[in-house]
Each structure stands twice: as structure tokens, then as C-alpha cells.
Amino acid sequence: MKKHNFSAGPSILPQEVLLKASEAIMDFDNSGLSLIEISHRSKQFVDVMENARALVLELMGLEGKGYKALFLQGGASTQFLMVALNLLEKRAGYLNTGAWSQKAIKEAKKLDDIYEVASSENANFNYIPKGYDIPLDYDYFHCTSNNTIFGTQIKDFPKCEIPMVCDMSSDIFSRKLDFTQFDLIYAGAQKNMGPAGTTLVVVKEDILGKVSRDIPSIMDYKIHIKQGSMFNTPPVFAVYTSMLTLEWLKRMGGIAGIEVENEKKARIMYSEIDLNPLFKGFAAKEDRSHMNATFNLINDNLKDTFETMLKEAGISGVNGHRSVGGYRASMYNALPLDSVKVLVEVMSELESKA
Ligand SMILES: *Cc1c(COP(=O)(O)O)cnc(C)c1O
């Protein structure tokens, strides 16, 4: 039986995507060859790469607006450094909303001066700071749209006069946004777009080429753009499966279509957390993530009973991150509404038992 997969990452992908990807492993488009045993320079794979890159811009409404989409390697973690190598000349401002922001700050600091414009560390990152200033003379501003570990999400992005860089690893393609407000977006594929192994970068070309350092080739966005995201051998399976997921998303009505589903799932989940007296939510209500709902039992004595019930219901992957504890229900695009309903039923059943 297929489990209800609430894993935070790598995470659930649509069944039809898994099926098509597994077929391509055996025989790619009736070529008599596997997707993972053909040249990445073959017309077949170049078409996959170009289609995937075009779909990204189409779904985000960024076609013809000076942006380029790249499928790189090294995870979002490599982007922490790559962003700084390409954009940091003197000083940049970072919003510190949790563990991933901190890691981004740590890497950028190796190159130059980083200033934290605001932080929610004083409350173990259970809210999103607001009302801070972004100095105009900084090279760029960096933020993390969705805090995967603590379950908070930026709802209103600041007005930003300097280039805005956003780590969207855990909520990319999940909600409508004016993507033109960002100059660089990056996201590890394995949360909401595909398998681990590729990282999406969407960059406005005119912000590049302004730093004085000699950027190592593989870290240089301009070189990746010039080479059509094929500077070296790309992770062909991860790119292909991401492309299938983007095609699936388009069939679902694009970002606008999936947002409606994501809002339904979040509403059901949080209303159970709020109404069930056995549970409490972790994140401040106005900043709650629609992707990762974090919550805990008020009485730890019920832990074993609850976890046995979760297991019996076929629910997988709801353990919280070790730095927060409790539970985390990751409700990415591919998670069906029915899975959330099953989880909520288990929670209310626990209430009737307690
Ligand atoms: C998971 C995650 C990362 C790290 O991604 P890797 O691809 O493992 O490097 C970075 N930022 C956010 C917001 C994440 O959720």
C-alpha cells in the first residue's frame, strides 16, 4: 500500500511522474536506450533541458523579462556560496529566519561583510521579522521564503530597491507571487520539484557581471547561461524528472491551480492543530507555512499511542526536525488532500481516545 508521505525532503512526487520516470529509465521515448545511458548532448536530452528551462519561466510568468533558468548541481547549499561569489562586492544584507538562512550567511561571510537586517533567533525562529530596513548601498538582500524546519513562511516580501535574492527551496511553485520582484531565486529540487540532484536557479541576467573577483568557471552563472545549463554533464535524471513534475503542474492549472489545493490542505491541517486541545502549533499564526506545518503534543504521555496510530494509518515522515522536536507535516504540491484528511482523522481520533 502506498503510504501517506509527509517527508520534508526528499519528498513526495506525483505518482504519474514516478511512473513515467521509471519507464524512461528502461526505455527513453522508444529509443531502445535508457535516459541515463545516452549522451547529454544528444538532441533528445537537449530538448529535455530546454523544455524544463522554458517551463520554469512560463510557470513563473517570467518569459521575455530578462530572466534565465538553470539546472545546476550541488544543492541549495552550493548556492549559499555561489550567490555571494557572483553578487557580493562589498556588503550584503540577510534576513535571518532560521537554520537555512544561517547557513547562507555563514558561507557568504567567508567572502565579505554580511549584515543581518533582522532575525527571529530570539524566539527560536517561530516568526518572520517585519518592518526592517534594507540599506540602499548594499549589493543585494537575501531571504528564505519558507522556513522548512520551523514552519514559517514569508507572506509579504519587503519592498526592495536593491537586487533581492531568495532561497525558495521548500515552497517554489506552491503559491502565486510576483516573481519579477526577485532578481535571483534558487531552490534545491528535492522539496517541491523533483528528485535530489539538481538545483534550480532563476536569475535576472542584468545583475550579473558586476563584481571584480575572478569567479571560478563552475561557480559563474554567466558561464552556465552561455552554455545553456550544460557547462558540464548535467544530472540528467533529476532534470528529466523535474521537467515531468513541471508538466504535471501545468496540467494542474499551474501555480494558481496548485495554490488553491495547497490552501485547502493548510486550512484543514491548521484548524485541527488549533481546535484539538491535545496539540499546539509551533509557528506564529500569521507566519505559518502552507508547506510545513509544525506542531507538538501538549502531553508527552500520548506520544507512543499517537505514533502507533500514525503508523497504522500508513502515515510516514511526520517527525519534526531534531532542532524543533514534535511533528512536522510537509504538504508539498504533490501531497494529495486525502493524505491530510487521514492525518487529521488520526489526530481527532486521539482526542476521542484521550
Ligand atoms: C533543504 C533546504 C536547503 C538545502 O538544500 P540542499 O539541496 O540539501 O543543499 C536550503 N534551503 C532550504 C530553505 C531548504 O529547505
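As a reminder, the structure under discussion sits directly above these lines.
Residues numbered from 1 in each chain as written. Predicted model: local features only at pLDDT ≥ 70, side-chain atom pairs only at ≥ 80, totals over all residues. Heavy atoms only, no water.

Bringing the pairing of strand 2 (residues 67-72) into the picture now. Buried residues dominate strand 2, accounting for five of its six residues. With six bridges joining them, strand 2 and strand 10 (residues 199-204) adopt antiparallel strand pairing. Bridge pairing links L70 to V201 in strand 10. (Buried < 20%, exposed > 50% of the residue type's maximum accessible area, 1.4 Å probe, protein only. Helix = DSSP H or I, 4+ residues; strand = E, 2+ residues; numbered from the N terminus. Pairing = 2+ DSSP bridges.)

Let us now look at the site of the ligand. Taken together, 13 residues lie near the ligand, and S77, T148, D167, Q190 and K191 sit nearest. A distance of 2.6 Å separates an oxygen atom of the ligand from a polar atom in the side chain of S77. Taking Q190, its side chain carries an N or O atom lying 2.9 Å from an oxygen atom of the ligand. For the ligand, whose free accessible area comes to 390 Å², the fraction covered by protein is 88%. Here the shell around the ligand gets four residues from one element, more than from any other, and that element is helix 3 (residues 75-87). (Near = heavy atom within 4 Å. Polar contact = N/O pair within 3.5 Å; in protein donor to acceptor, adjacent residues only side chain to side chain. Areas by Shrake-Rupley, 256 points an atom, 1.4 Å probe, with all protein chains shown as cover.)

For the rest of this paragraph, the subject is the packing of aromatic side chains. This model, assessed by the stated rule, comprises 12 aromatic pairs. With 5.3 Å between their ring centres and 55° between their planes, F125 and F150 make a pair best called tilted. Residue F125 is found in the loop between strand 4 (113-119) and strand 5 (141-144), and its partner F150 is found in the loop between strand 6 (146-147) and strand 7 (152-153); the two are separated by 25 residues along the sequence. Looking at F125, the relative accessible area reads 4%, which means it is buried. In this structure F150 comes out as buried when scored by relative accessible area, which is 3%. Centre to centre, the rings of F279 and F295 are 5.8 Å apart; their planes meet at 70°, and the pair counts as edge-to-face. Here F295 lies in strand 12 (residues 292-297) and F279 lies in strand 11 (residues 279-281), a separation of 16 residues in the sequence. The exposure classification of F279 matches that of F295, with both residues buried. Among the aromatic residues, those joined into a ring-pair cluster are F279, F295, F306 and Y327. (Phe/Tyr/Trp six-rings, centres within 6.5 Å; stacked < 30°, edge-to-face > 60°.)

Ordered in space as 11-12-14, the three strands form an open sheet in which the pairing is antiparallel. Two strands close off the open sheet at either side, each with one partner strand: strand 11 and strand 14 (327-330). The mean angle between the axes of side-by-side strands here comes to 35°, regardless of whether they run parallel or antiparallel. Pairing of strand 11 with strand 12, which is carried by three bridges, proceeds in the antiparallel orientation. Within the sheet, the bridge partner assigned to G281 lies in strand 12 and is F295. (Axes fitted to C-alpha atoms, helices over the stretch in contact; angles between N-to-C directions.)

Of all hydrophobic cores here, the largest spans 83 residues; its most connected members are F173, V202 and M269. Among the elements that take part in this core, helix 2 (residues 43-60) stands out by supplying nine residues, more than any other. Setting aside chain neighbours within four positions, we find V202 in contact with V56, L57, M60, L62, Y67, K68, A69, D183, L184 and I185. With 29 residues, the next largest nonpolar core counts L87, A92, Y140 and L184 among its residues. (Core = buried A, V, L, I, M, F, W, Y, C linked by side-chain atoms within 4.5 Å. Contact = heavy atoms within 4.5 Å.)

Attention now moves to the pattern of salt bridges. The final tally for this structure, using the stated rule, is 13 salt bridges. A salt bridge links D113 to R91, with the nearest nitrogen and oxygen atoms 2.7 Å apart. Residue D113 is located in strand 4, and its partner R91 is located in strand 3 (residues 91-96); the two are separated by 22 residues in the primary sequence. Residue classification places D113 among the partly exposed residues on the basis of a relative accessible area of 35%. Of the residues examined, R91 reaches a relative accessible area of 30% and is grouped as partly exposed. (Salt bridge = Lys/Arg side-chain N within 4 Å of Asp/Glu carboxyl O.)

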